[in-house]
Amino acid sequence: MITGGAGFIGSHLTIYLVNKYPDYLVVNLDKLTYAGNLENLKSIENKENYHFIKGDITDSGLVENIVEKFQFDGIFHLAAESHVDRSIQAPNEFAMTNIIGTLNLLNAAKNLWKSNPREKLFYHISTDEVYGSLGSTGLFRENTPYDPRSPYSASKASSDHFVRAYFHTYDIPVVISNCSNNYGPFQFPEKLIPLMINNILHQKNLPVYGDGKNVRDWLYVEDHISAMDLIFHSGKPGETYNIGGENEMENIELVYLLCDISDELLQRPMGSSRELITFVKDRPGHDRRYAIDTSKIKSALHWEPATSPEEGFRSTVQWYLDNRDWLKSVTSGDYKAYYDKFYGTD
Ligand code: NAD
Ligand code: DAU
């Protein structure tokens, strides 16, 4: 089972697993919030080894029934409220989905696997934000103490703690990975990269928070997927693996790059998109810098990212420019109205 398989990272993972492992039945459980989009999964929706269920992980009865019915051997848990700015506006929703939803899944896995936990795995997909904020030096390691500073990262940190507690207390085989900022196709345009590309396209202001010097470590989404495949199949239960792109950039540097790639691809005068940049009020509690030490996953599982930043950023801008209908539909809310009609409102 994959939870959150209609979201940004989840849809890449679902497509990858369905195509790479035809003998696995991949069940995607997703509530289809504003961030979940079945359009992303068009290429595999009719495959025999794929099954979609619209459902909410905060509904413990529903989760128990699905887990009991399908008798899963493995769970990739990605479903979450994932946007920091939204967590500042509505922290309770983050606690419900990210903490209670994770607990419901852990309880269901515990019941299902109690007699035979061997060869089973609960894989919890988490974030580097649980480690807090770095100064100008240092890297997040697997043993860096947790120091979450936004409601989003606090909810993810809490879920990580529950996952580890279930490993120690109930012998549930678990593994956790904490990854840095992903980018690529299918990301909802509330996040920095697709938001900037969408605004450049429509010649709207490009809102850079604070002084624009906050640093993120960017990883192409398919490289996160290859790491997840390795961790799921070869990772050691009870372990944590940090994943990152070793590609630190200041936000302003990244926005300049997106402007310049877009100007070139849209054949606009070079430099014209940079004129749209507007410095705006900072995000409250804005973490200054994230950076990952990837030595553990590289040495233990021989993982290496395959996509260079030049290639990744360029192909990502190109994808959003080529998929303006996708951008238009997810920003108009038409697709949400369609799902509500198709599946019934909650
Ligand atoms: P996303 O917001 O694009 O997708 C989340 C998915 O979860 C959506 O399909 C949504 O419909 C579904 N969902 C939300 N609430 C649900 C609920 N109550 N029940 C069932 N489904 C629900 O998120 P993403 O960026 O793809 O992130 C996926 C996971 O990876 C999250 O757990 C996130 O914390 C983690 N992560 C993300 C990044 C990143 O850069 N995006 C980096 C590291 C870790
Ligand atoms: O580090 C992993 C995390 O990366 C994931 O766990 C989260 O789910 C994901 O949303 C992302 O969190 P960030 O807060 O780093 O991503 P976001 O795209 O919101 O912002 C990236 C940086 O850009 C951050 O420093 C805030 C800044 N920003 C963001 C937006 C949306 C701006 O300057 N302007 C903006 O409009």
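Preceding this section is the structure that the text describes.
Reference entry: report on the structure contained in this document. Please read these numbers as outputs of a predicted model, since none were measured by experiment. (Residues numbered from 1 in each chain as written. Chains lettered and ligands numbered in written order. Predicted model: local features only at pLDDT ≥ 70, side-chain atom pairs only at ≥ 80, totals over all residues. Heavy atoms only, no water.)

**Some words on the environment of Thr-144**
Let me state the cut-off plainly: The numbering of helices and of strands both runs from the N terminus, where a helix is a DSSP run of H or I of at least 4 residues and a strand a run of E of at least 2. Any residue under 20% of the maximum accessible area for its type is buried, any over 50% is exposed, and the rest in between are partly exposed; the area is computed with a 1.4 Å probe on protein chains only. Every residue pair with non-hydrogen atoms within 4.5 Å of one another is taken to be in contact.
Among the structural elements, Thr-144 can be located in the loop between strand 5 (121-127) and helix 5 (151-170). According to the relative accessible area criterion, Thr-144 is buried, its value standing at 19%. Along the chain, Thr-144 and Gly-210 lie 66 residues apart, while their C-alpha atoms are 27 Å from each other. Thr-144 has contacts with Tyr-131 and Leu-139, leaving out every residue within four places of it along the chain.

**A word on the site of ligand 2**
Applicable threshold: Any residue with a heavy atom positioned within 4 Å of a molecule or strand is treated as near that molecule or strand. In protein, a polar contact means a hydrogen-donor-capable atom and an acceptor-capable atom, both N or O and within 3.5 Å, with residues adjacent in sequence counting only if both atoms are side-chain atoms; elsewhere, any N or O pair within 3.5 Å suffices. Only the protein chains shown count as cover for residues, and the accessible areas themselves come from Shrake-Rupley with a 1.4 Å probe.
Around ligand 2 there are 23 residues in total, and Thr-127, Asp-128, Tyr-152, Arg-283 and His-286 lie nearest to it. Within the backbone of Ser-82, one N or O atom sits 2.7 Å away from an oxygen atom of ligand 2. For ligand 2, an oxygen atom lies 2.6 Å from a polar atom in the side chain of Tyr-152. In isolation ligand 2 exposes 690 Å². Once the protein is present, 94% of that is buried.

**Quick look at the site of ligand 1**
Filter applied, for reference: Lys, Arg, Asp and Glu make up the charged group, whereas Ala, Val, Leu, Ile, Met, Phe, Trp, Tyr, Cys and Pro make up the nonpolar group; the residues left over, Gly among them, are polar.
Within the structure, ligand 1 sits among 28 residues, and Ile-9, Asp-30, Ser-82, Tyr-152 and Lys-156 are positioned closest to it. Between a nitrogen atom of ligand 1 and a main-chain N or O atom of Lys-31, the distance comes to 3.0 Å. Between an oxygen atom of ligand 1 and a main-chain N or O atom of Asn-182, the distance comes to 2.9 Å. Protein chains shield 96% of the accessible area of ligand 1, which is 840 Å² for the free molecule. The greatest single-element share of the shell around ligand 1, amounting to 3 residues, is contributed by strand 5. Per-class residue counts for the shell around ligand 1 are 12 nonpolar, 12 polar and 4 charged.

**Focus on the sheet that holds strand 4 (residues 74-77)**
Strand pairing in a sheet is mediated by backbone hydrogen bonds. Such pairs are either parallel or antiparallel. Here is the rule we go by: Criterion used throughout: strands pair if DSSP finds at least two bridges between them. For helices, the fitted line uses only the C-alpha atoms of the stretch in contact; every axis is such a line through C-alpha atoms, and the angle between N-to-C directions lies from 0 to 180 degrees.
The strand order across the open sheet formed by 7 strands is 3-2-1-4-5-6-10, and the pairing between neighbours is parallel. The strands lining the two open edges of the sheet, one partner per strand, are strand 3 (50-54) and strand 10 (240-243). Across 4 bridges, the pairing between strand 4 and strand 5 is parallel. Directly across from Phe-76, in strand 5, lies its bridge partner Tyr-123. Strands strand 4, strand 5, strand 6 (174-179) and strand 10 of the sheet are contacted by helix 7 (residues 221-234), whose axis makes an angle of about 150 degrees with strand 5.

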